[in-house]
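Close look at the chain arrangement
Residue-level listing of the chains:
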Amino acid sequence: MSNPTSSKLYLARVCPSSFALPAADVPTDDAAAGIERHAEKETAINDGRIPEALAERWPHLKWYAEVAYAFDTGTGKGRILGYGLRRDYGRAKPTEVCGTADAVGVDGQALVVIDWKSFAEVERAAVNAQLHLGALALARHYGRHTATVAIHYEARPMDVAELDMFDLETFETEVSAILDAVQLARLRHSKGEELEYVEGDHCRHCPAFYACPRKRALQMQVESQLAVLEEGGSPIGYLDDDAQAAAAYEFTERAEMLLKRLRAAVYARAKERAIPLPGGKWLRSGATEGKDKLDADQLYAIVKEIGRA
């Protein structure tokens, strides 16, 4: 199994056990839109049309788009794998951690690493693992001792942080510790040992979402609650009790995440082959999440079918 990529380092830091499980990324409409936006910016930079915010703040830099890089945890060296590789890291070594910087600006002394974001909230630039790995790998490649990292949001000011030599060296140590934790989790999993899985917002982007024991248990809980609703009961008890209300809120947050991932998987499946739905309806290729809605009965039927698989 390969090392986590830069975009998954935060997940590996929080829940290394997830990388011992089978991965299954499901494409979504949001992800497709994000890829399209990145492609537009890549074309603009390659054509010399530098985004205004970058050109104004760093006017003397030479800019490159979609820079794929690798950092070797064994040698401490960084290198550029290529440009516009679409996250294809097949040329990486077993000791390397790879990633792609959305935009990189360099001159004789400066190094700036940019991550494009639309509206999604991510770790601040000062502690962002993905940006830090890009800064570390590219600083070692270009022979720099410092780097600037920035998250370029579409509808808010850039989040910018300066990393000095000590910041980069500290993160290098952390990367090694993260990979060690992942390898230990994989070893324990191969021996059949029980692992600890940490749930949180990071689960939204976890490739092992569908294989996670915590999520499978949550799916069974959702099925149980839906069955109670079908029978006309109340699945969450009396909410005048603060503890029950808090538990109900936590459950709905986790359940919404599960259903969002499930819905995305269903629509991805429908684009490959039409799905027969209750009542003689069909969910067909070309259906778009958010426009073609699944009602509760339809989604419940699909949940039950998946549970039997």
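Above this text sits the structure in question.
It should be emphasised that the depicted structure is a prediction, and the values quoted were computed from it without experimental measurement.

Some words on the overall build of the protein chain
Broken down by element type, the protein chain carries 8 helices and 8 strands. Counting every position in the protein chain, which comprises 309 residues, the buried fraction comes to 39%. Restricting the contact set of the protein chain to residue pairs at least 6 apart, pairs at least 24 apart contribute 64%. As displayed, the protein chain has an accessible area near 17,100 Å², and 53% of this comes from carbon and sulfur atoms.

Comments concerning the nonpolar core
Judged by nonpolar contacts, the single largest core of 44 residues is most densely connected at L111, L133, L138 and V149. Listing elements by their share of this core, those giving two or more residues are α1 (9-14), β1 (62-72), β3 (96-106), β4 (111-117), α4 (129-142), β5 (147-153), β6 (159-163) and α5 (165-190). It is α4 that provides the largest number of residues to this core, a total of 8 residues. Contact partners of V149, with chain neighbours within four places excluded, come to V113, A125, L131, A135, D159, V160, A161 and L163. Among the nonpolar cores identified, the runner-up in size contains 12 residues, and I45, W58, A65 and I114 belong to it.

Regarding the side chain of T148
The topology assignment puts T148 in strand β5. Exposure remark for T148: the relative accessible area of 9% places this residue in the buried category. For T148, the contacting residues outside a window of four places in its chain are W58, L111, V112, V113, V160, A161 and E162.

Brief notes about the sheet that holds β5
Taken together, 6 strands build an open sheet; the order of strands is β2-β1-β3-β4-β5-β6 and the sheet is mixed. The strands lining the two open edges of the sheet, one partner per strand, are β2 (78-83) and β6. Each adjacent strand pair in this sheet contributes to an overall mean axis angle of 35°, direction not counted. Direction of pairing for β1 relative to β3: antiparallel, over a ladder of 10 bridges. Bridge assignment links A68 to a residue of β3, and that residue is T100. Lying over the sheet, α5 contacts β1, β3 and β6, oriented at roughly 95° with respect to β6.

Here we look at the packing of α4 against α5
Two elements in contact, α4 and α5, have axes whose closest approach is 10 Å; the angle formed by their N-to-C orientations is 110°. Taken together, the axes of α4 and α5 lie roughly perpendicular to each other. In this structure, α4 crosses over α5, and the sense of that crossing is left-handed. For the pair α4 and α5, contact is made by A129, H132, L133, A135, L136, A139 and R140 and by L168, E169, F171, E172 and V175, respectively. Classifying every residue of the contact of α4 with α5 gives 8 nonpolar, 1 polar and 3 charged.

Brief notes about the pairing of β5
The side chains of a regular strand alternate, first on one face of the sheet and then on the other. Burial runs high along β5: 7 of the 7 residues are buried. Neither face of β5 is exposed, since A147, V149, I151 and Y153 on one face and T148, A150 and H152 on the opposite face are all buried. Here β5 pairs with β6 via 5 bridges, running antiparallel. Its bridge partner lying in β6, T148 is registered against E162. Taken together, β5 and the strand that follows it, β6, pair antiparallel across an intervening segment of 5 residues.

Regarding the environment of P51
If you trace the backbone, P51 turns up in the loop between α2 (29-46) and α3 (52-57). Sequence-distant contacts of P51, defined by excluding residues within four places in its chain, comprise I45 and W116.

Here's the deal with α4
Taking 1.5 Å of rise per residue, 14 residues should cover 20 Å, and α4 covers 20 Å from first to last C-alpha, within 8% of that figure. Judged by how many residues are buried, α4 sits mostly within the fold: 11 of 14 residues are covered. What α4 keeps buried is the set A129, Q130, L131, H132, L133, G134, A135, L136, A137, L138 and A139. By the N-cap criterion, in which a side-chain oxygen at the helix start approaches the backbone nitrogen of a residue two or three places on, α4 is capped by N128, the distance to Q130 being 3.1 Å.

Focus on unusual backbone geometry
With a phi angle near 50°, E66 is a residue other than glycine that sits in the positive phi range. Here E66 shows up in strand β1. Accessibility expressed as a relative area gives 4% for E66, which makes it buried. Here R87, not a glycine, exhibits a phi torsion of approximately 60°, which is positive. Within the secondary structure, R87 is located in the loop between β2 and β3. Here R87 falls in the partly exposed class, since its relative accessible area comes to 39%.

Procedures and definitions
Residues numbered from 1 in each chain as written. Predicted model: local features only at pLDDT ≥ 70, side-chain atom pairs only at ≥ 80, totals over all residues. Heavy atoms only, no water. Helix = DSSP H or I, 4+ residues; strand = E, 2+ residues; numbered from the N terminus. Buried < 20%, exposed > 50% of the residue type's maximum accessible area, 1.4 Å probe, protein only. Contact = heavy atoms within 4.5 Å. Areas by Shrake-Rupley, 256 points an atom, 1.4 Å probe, with all protein chains shown as cover. Core = buried A, V, L, I, M, F, W, Y, C linked by side-chain atoms within 4.5 Å. Pairing = 2+ DSSP bridges. Axes fitted to C-alpha atoms, helices over the stretch in contact; angles between N-to-C directions. Parallel < 35°, antiparallel > 145°, perpendicular 65-115°, else oblique. Left-handed = near helix turned anticlockwise from the far one by under 90°. Nonpolar A, V, L, I, M, F, W, Y, C, P; charged D, E, K, R; others polar. Expected span 1.5 Å × (residues − 1). Polar contact = N/O pair within 3.5 Å; in protein donor to acceptor, adjacent residues only side chain to side chain.

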